[in-house]
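# Secondary and tertiary structure notes
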Amino acid sequence: CNVPRSSGKLGIWVNKQRQHYRLSNEGKPSSMTEARVQELESIGFEWSVVGCVTQKDNTYEKQWNARFHELEAYKAKHGH
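Calculation criteria
- Residues numbered from 1 in each chain as written.
- Predicted model: local features only at pLDDT ≥ 70, side-chain atom pairs only at ≥ 80, totals over all residues.
- Heavy atoms only, no water.
- Helix = DSSP H or I, 4+ residues; strand = E, 2+ residues; numbered from the N terminus.
- Buried < 20%, exposed > 50% of the residue type's maximum accessible area, 1.4 Å probe, protein only.
- Lys, Arg positive; Asp, Glu negative; His and termini not counted.
- Salt bridge = Lys/Arg side-chain N within 4 Å of Asp/Glu carboxyl O.
- Polar contact = N/O pair within 3.5 Å; in protein donor to acceptor, adjacent residues only side chain to side chain.
- Contact = heavy atoms within 4.5 Å.
- Patch = residues over 30% accessible without salt bridge, like charges linked within 9 Å, V, L, I, M, F, W, Y side chains within 5 Å.
- Areas by Shrake-Rupley, 256 points an atom, 1.4 Å probe, with all protein chains shown as cover.

## Remarks on the side chain of Arg18
Following the sequence through the fold, Arg18 ends up in helix α1 (residues 8–25). Among buried charged residues, Arg18 stands out as having no salt bridge; its nearest opposite-charge side chain is Glu46, 6.1 Å away. Here the side chain of Arg18 touches Glu46 through a polar contact of 2.9 Å, landing on its backbone oxygen.

## Re the environment of His80
Mapping His80 onto the fold places it in the segment after α3 (49–78). What makes His80 exposed here is its relative accessible area of 60%. Here His80 is in contact with Tyr74 and Lys75, once residues within four sequence places are set aside.

## Some thoughts on a nonpolar patch on the surface
On the surface, a nonpolar cluster with roughly 460 Å² of combined accessible area is contributed by Tyr60, Trp64, Phe68 and Leu71. Position of Tyr60 relative to the elements: it lies in helix α3.

Worth remembering: the numbers are spatial, not functional.
Okay, here's the thing in structure tokens:
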């Protein structure tokens, strides 16, 4: 699960979960519990945004390729 930080309240909340997870792993005070970690991981929560960026890039690449093929089809049909 990857919700961009710019996605309003949910995006902010997701970012906070990542922050608290990092704090917990560093032995610092945090509201993140093992039960919460397990709940989030049970739905595929991604703790690292780095992995999400790769997924986003793959999605963009697929979209770009699809649009390129549409453009090719348009040119073949209309000649310009």
